[in-house]
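Residues per chain, in single letters:
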Amino acid sequence: MPLTIETEKEFDIEDLQYDYEDSLKSDRWLDAPKEIKELFHELEWNIIDGEHQDTVEFIKEALEAEVTARTLIAGPMATGIAEVGRRFKMDEYFLPEVMMSAKCMHEALALLKPLIIAEKTEDVGTVVIGTVQGDLHDIGKKIVAMMLEAAGFTVVDLGVSVSPEDFIAAIREHNPKIVGFSALLTTTMNMQWETLKLITAEGLREELKIFVGGAPISQNWCDKIGADAYGADALVAVEKAKACVGKFDNMKGGEEALHAAMLEIDRQREEAKAAAAE
Ligand code: B12
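Residues numbered from 1 in each chain as written. Predicted model: local features only at pLDDT ≥ 70, side-chain atom pairs only at ≥ 80, totals over all residues. Heavy atoms only, no water.

Focus: the overall build of the protein
Regarding its fold elements, the protein presents 11 helices and 5 strands. Along the three orthogonal principal directions, the C-alpha set of the protein runs to about 55 × 40 × 35 Å. When burial is assessed residue by residue, the protein has 48% of its 278 residues classed as buried. The contacts in the protein between residues at least 6 apart in sequence include a share of 71% that link residues at least 24 apart. Carbon and sulfur atoms make up 54% of the accessible area of the protein, which amounts to about 13700 Å² in all. Between the averaged position of the 28 positive side-chain charges in the protein and that of its 53 negative side-chain charges there is a distance of 4 Å. (Helix = DSSP H or I, 4+ residues; strand = E, 2+ residues; numbered from the N terminus. Buried < 20%, exposed > 50% of the residue type's maximum accessible area, 1.4 Å probe, protein only. Contact = heavy atoms within 4.5 Å. Areas by Shrake-Rupley, 256 points an atom, 1.4 Å probe, with all protein chains shown as cover. Lys, Arg positive; Asp, Glu negative; His and termini not counted. Charge placed at Lys NZ, Arg CZ, Asp CG, Glu CD.)

Written out as structure tokens, the structure reads:
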């Protein structure tokens, strides 16, 4: 039986500032067997410490215990890299440490990708996705791409630092239903807007549903630049993408009603979360 552990709950991860022993006492993954909870905390610390030579072993151990790939990504991998981000922001970590942690994430994702993609059963349409020009961050974009693929999409991942012109060329070549822009820097988020402007100028806007995401991106930004959907994480991105090719397939990109429908998905998610927390 595949082992899926609660990862949607928002955890306080302050304990990750101290040590492994302290993390063990946290209330994360209390629904997991003791040895799995321990393994998850080891994996968090493996990512924080950037010990990429051991990451694959932790992942393999978890997979052998039948933990699902999704649980690993949304669970200990997400909390580990979040603590790395906090340390970087607080000047406790510098670029070399962050690069080591990113290497752990990449090694783990490389192992998990085939498992996630194997979930694909149908073909629901093509998505072109890329990190915008000037930006080299791709961990989150890769996760979104993997989850979309598992949900039945054919994903054309253009990689990092993709120019607006390269997005246009890929749109012409692959004829996607959805185009996704990732940006992790406040200095590159504007390239989402620039790319969208070029898409409009090229007369392609109505054919495409435009998704935006990345740490500095918000619903406000999505509204401001006139994108169709904001995805705070991979799960909501998949839910909105499925709605775009399903229920709202007949709506055009940039249409006000489509934008409203995407906001309604967020509203319903918030409502369901609040109900679950009661
Ligand atoms: C890992 C990392 C790096 C790695 C990237 C490795 C890689 N291959 O990706 C390296 C070391 C290379 C790096 C470099 C830099 N980084 Co950096 N980095 C990070 C860090 C710590 C984690 C990012 C990450 O992978 N998060 C985990 C993933 C899972 O989350 P995510 O990316 O947000 O993705 C999720 C959602 O956002 C969403 N999503 C993402 N993309 C998309 C796309 C679509 C279409 C949708 C719908 C959804 C969606 O779904 C994802 C999954 O749930 C962040 C800290 C942070 N808090 O984000 C800083 C951070 C982004 N980096 C930062 C900086 C400053 C830099 C550098 C400029 C540092 C420097 N001085 O050189 C360079 C920039 C290089 C460049 N030109 O891009 C700053 C940005 C600050 C700012 N205001 O702009 C941050 C926020 C750190 C900080 N707190 O100061 N970095």
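More follows now that the structure is in view.
Let's talk about the layout of surface pockets
Taken as a whole, the second largest pocket encloses approximately 210 Å³ of empty space. Partitioned by chemical class, the residues of the lining of the second largest pocket number 3 nonpolar, no polar and 5 charged. (1 Å grid on protein atoms, 1.4 Å probe; cavity = no way out; pocket = protein on both sides within 12 Å on 5 of 7 lines; lining within 4 Å. Points joined across faces, edges and corners; volume = space filled by probe spheres on them. Nonpolar A, V, L, I, M, F, W, Y, C, P; charged D, E, K, R; others polar.)

Brief notes about the domain arrangement of the protein
Partitioning the protein into structural domains gives domain 1 (14-117) and domain 2 (125-276). The distance between the C-alpha centroids of domain 1 and domain 2 comes to 27 Å. Carbon and sulfur atoms make up 83% of the surface buried where domain 1 meets domain 2, a total of about 930 Å² over both sides. Here domain 1 is connected to domain 2 by 0 salt bridges. (Domains from an automatic or database assignment. Buried area = accessible area lost by both parts, 1.4 Å probe. Salt bridge = Lys/Arg side-chain N within 4 Å of Asp/Glu carboxyl O.)

Brief notes about the pattern of salt bridges
Within this structure, the stated rule accounts for 19 salt bridges. For D249, the salt bridge identified is with K177, shortest N-O distance 3.4 Å. Of this pair, D249 sits in the loop between α10 (234-245) and α11 (256-277) while K177 sits in the loop between α7 (164-174) and β3 (178-182), and the two are 72 residues apart along the sequence. The residue K240 makes a salt bridge to D266 at a minimum N-O spacing of 2.7 Å. With a gap of 26 residues between them, K240 in helix α10 and D266 in helix α11 connect regions that are remote in the sequence. By relative accessible area, which is 21% here, D266 ends up partly exposed. In the salt-bridge network here, residues are joined through shared partners; they are E83, R86, R87 and E92.

Focus on the environment of L148
Among the structural elements, L148 can be located in helix α6 (residues 139-150). In this structure, the C-alpha to C-alpha distance between L148 and V179, residues 31 residues apart in sequence, is 12 Å. In this view, L148 contacts V127, F153, V155, A237, V238 and A241; residues no more than four positions away in its chain are not counted.

Thoughts on the packing of helix α2 (residues 34-49) against helix α3 (residues 52-64)
Working note: a packed helix pair is described by the angle between its axes plus the distance between those axes. Interhelical geometry of α2 versus α3 gives an angle of 160° and a closest axis separation of 10 Å. With respect to each other, α2 and α3 are oriented roughly antiparallel. In this structure, the crossing between α2 and α3 has a hand that is left-handed. For the pair α2 and α3, the contacting residues are L39, E42, L43 and N46 in the first and D54, T55, F58, I59, E61 and A62 in the second. (Axes fitted to C-alpha atoms, helices over the stretch in contact; angles between N-to-C directions. Parallel < 35°, antiparallel > 145°, perpendicular 65-115°, else oblique. Left-handed = near helix turned anticlockwise from the far one by under 90°.)

Quick word on the sheet that holds strand β5 (residues 229-230)
Taken in spatial order, the 5 strands of this open sheet run β2-β1-β3-β4-β5, and their pairing is parallel. Looking at the sheet topology across the chains shown, the edges are occupied by β2 (153-157) and β5. Together, β1 (125-131), β2 and β3 form the strand contacts of α6, whose direction differs from that of β2 by roughly 155°. (Pairing = 2+ DSSP bridges.)

Some details on the pairing of β1
Most of β1 sits out of view: 7 of its 7 residues are buried. Alternating residues of β1 divide into G125, V127, I129 and T131 and T126, V128 and G130, and every residue in both groups is buried. Of the pairings in the sheet, the one linking β1 to β2 comprises 5 bridges and is parallel in character. Bridge pairing in β2 links G125 to F153.

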